[in-house]
Amino acid sequence: MAEKLKNKVAVITGGNSGIGLGVAKLFASEGAKVVITGRNAETLDAAVKELGSNAFGVVSNVSNIYSFESLYQQVENRFGKIDILVANAGIVLFKSLEEVTEEIFDEITGINYKGVFFTVQKALPFLNNGASIIVTSSTVADKGIAGGSVYVSSKAAERALVRVFAAELAVKKIRVNALSPGSVDTDIFLKAGMSQEVSDNMSAFFAGAVALKRTASVEEMAKGFLFLASDDSSYMTGADLTIDGGFRDL
Ligand SMILES: NC(=O)c1ccc[n+]([C@@H]2O[C@H](COP(=O)([O-])OP(=O)(O)OC[C@H]3O[C@@H](n4cnc5c(N)ncnc54)[C@H](OP(=O)(O)O)[C@@H]3O)[C@@H](O)[C@H]2O)c1
């Protein structure tokens, strides 16, 4: 079978776990040269080993704008210009309006909103014409989820960035789209400091709230990213591919 991403260079932020790792695996199996980033060197090394010889990892924090030059320079030195950029790194936190501190606000928006902005802006000199940029937003961006004021608005900000980036970069034939997952089976709630029990309850709540009555696997998400990364979506830009089991619109 033909490889859909043969010899394409893909950079995936937050590629050492969850959705990003699932995307990296699928892209590698479709012939791409894959670069993944994350903050945790240990999980990054383990992920690179799983991905094989056409992949490498860079420890890099998306909330630090000075980290990008080194990241993208390393990608160019080893693989050349970037064809696919997946701005996926993100964190979640649910707190009531009263509980949100400035520190919490800055941390979430610094990664999810500012992080995505500069992931894309700093990549521009390193992108091939015709590149595909995909931003991992969330189906909750359009919902009034209690306790989600900062997370939900950061995801809505990402969606807004996608529209404007798409408008500005169309002249270079660079396509920019969002992929909005529903509830996906990853460790994101545990990483937010929730206990296993609270995390399971959150997943069960979201599973119960969708038409298909279950959470998604990272593999189900990865197929959507492959569609947006490849020529199969050549006439799509500025759009939002929602893969949420029937949550937002039902
Ligand atoms: N899981 C869901 O139900 C769901 C639903 C909708 C949207 N999403 C979105 O999907 C994306 C991936 O989440 P996930 O579920 O796969 O969770 P995950 O397994 O926790 O993955 C998050 C990834 O982001 C990386 N990351 C976090 N902060 C970072 C930073 N400052 N700099 C660089 N990397 C950073 C993490 O790396 P380290 O571990 O090394 O920090 C990790 O690789 C997020 O944007 C999330 O908002 C998830």
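Below, the structure is looked at part by part.

Rules of the game
- Residues numbered from 1 in each chain as written.
- Predicted model: local features only at pLDDT ≥ 70, side-chain atom pairs only at ≥ 80, totals over all residues.
- Pairing = 2+ DSSP bridges.
- Helix = DSSP H or I, 4+ residues; strand = E, 2+ residues; numbered from the N terminus.
- Axes fitted to C-alpha atoms, helices over the stretch in contact; angles between N-to-C directions.
- Contact = placed C-beta atoms within 7 Å.
- Buried ≥ 20, exposed ≤ 12 C-beta atoms within 10 Å, placed from the backbone.
- Near = placed C-beta within 6 Å.
- Nonpolar A, V, L, I, M, F, W, Y, C, P; charged D, E, K, R; others polar.
- Right-handed = clockwise from strand over helix to strand, strands pointing away.
- Expected span 1.5 Å × (residues − 1).
- Arc of directions from axis to C-beta.
- Core = buried A, V, L, I, M, F, W, Y, C linked by C-beta atoms within 7 Å.

In this section: the sheet that holds strand β7 (residues 240-243). Ordered by their spatial adjacency, seven strands build an open sheet running β3-β2-β1-β4-β5-β6-β7, and the pairing between neighbours is parallel. Looking at strand neighbours, the two that pair on one side only are β3 (55-59) and β7, the edges of this open sheet. Across the sheet, the mean angle from the axis of one strand to that of its neighbour is 20°, orientation sign disregarded. In this structure, strand β1 (residues 9-12) lies alongside strand β4 (residues 82-87), joined through three bridges in parallel fashion. Residue pairing in the sheet places Ile12 in a bridge with Val86 of β4. Relative to strand β2 (residues 33-38), helix α3 (residues 67-79) is tilted by about 160°, and along the sheet it contacts β1, β2, β3 and β4.

Phi at Lys173 is positive, roughly 60°, even though this residue is not glycine. Residue position: Lys173 is located in the loop between α6 (149-169) and β6 (175-181). Here Lys173 falls in the exposed class, since 12 other C-beta atoms lie within 10 Å of it.

Turning our eyes to something else, we now look at the site of the ligand. Around the ligand, the structure places 30 residues, and the nearest of them are Gly14, Gly18, Gly38, Ala89 and Gly90. Counting residues per element, the ones that place at least two in the shell around the ligand are α1 (18-29), β2 and α7 (188-191). Looking at which element gives the most residues to the shell around the ligand, the answer is α1, with three residues. Each residue belonging to the shell around the ligand can be placed in one class, and the counts come to nine nonpolar, 18 polar and three charged.

Further remarks concern the pairing of β3. Bridging between β2 and β3 involves five bridges; their strand directions are parallel. Across the sheet, Thr37 pairs through a bridge with Val58, a residue of β3. Handedness of the crossover is the feature at issue here: the chain leaves β2, passes through helix α2 (residues 41-51), returns alongside β3, and the resulting connection is right-handed.

Next up on the list: α3. Counted at 1.5 Å a residue, the expected span for α3 with its 13 residues is 18 Å, and the 19 Å between its end C-alpha atoms agrees. Inspection of α3 places Ser67, Phe68, Leu71, Tyr72, Val75 and Phe79 among the buried residues, and these make up the whole buried set. Angularly, the buried residues of α3 cover 110° about the axis, an arc narrow enough to put them on a single face. Relative to its buried face, α3 has exposed residues pointing more than 90 degrees away, namely Glu69, Ser70, Gln73 and Asn77. The elements touched by buried residues of α3 are β1, β2, β3, β4 and α5 (114-121). Following α3 by one or two positions, Gly80 has its phi on the positive side, about 95°.

Let us look at the nonpolar core. In terms of nonpolar packing, the biggest core is built from 58 residues, with Ala10, Phe27, Val34 and Leu85 touching the most fellow members. No other element matches the seven residues that α1 contributes to this core. Among all residues touching Phe27, those that are not within four sequence positions of it are Leu5, Ala10, Ala32, Val34, Leu226 and Ala229. Of all hydrophobic cores here, the second largest spans 13 residues; its members include Leu93, Val152, Ile188 and Phe189.

Considered for burial, the residues of helix α4 (residues 102-112) that qualify are Ile108, Ile111 and Asn112. On an axial view of α4, the arc spanned by its buried residues comes to 90°, and they lie on one face. Facing away from the buried side of α4, by more than 90 degrees, are the exposed residues Glu102 and Glu103. Taken together, the buried residues of α4 touch α5 and α6.

What follows deals with the environment of Ala55. Among the structural elements, Ala55 can be located in strand β3. Taking the C-beta count within 10 Å as the criterion, Ala55 has 23 such neighbours and is therefore assigned buried. Considering only alpha carbons, one finds Ala55 and Phe105, 50 residues apart in sequence, at a separation of 34 Å. Contacts of Ala55, omitting those with residues within four sequence positions, involve Ala28, Val34, Ile36 and Val48.

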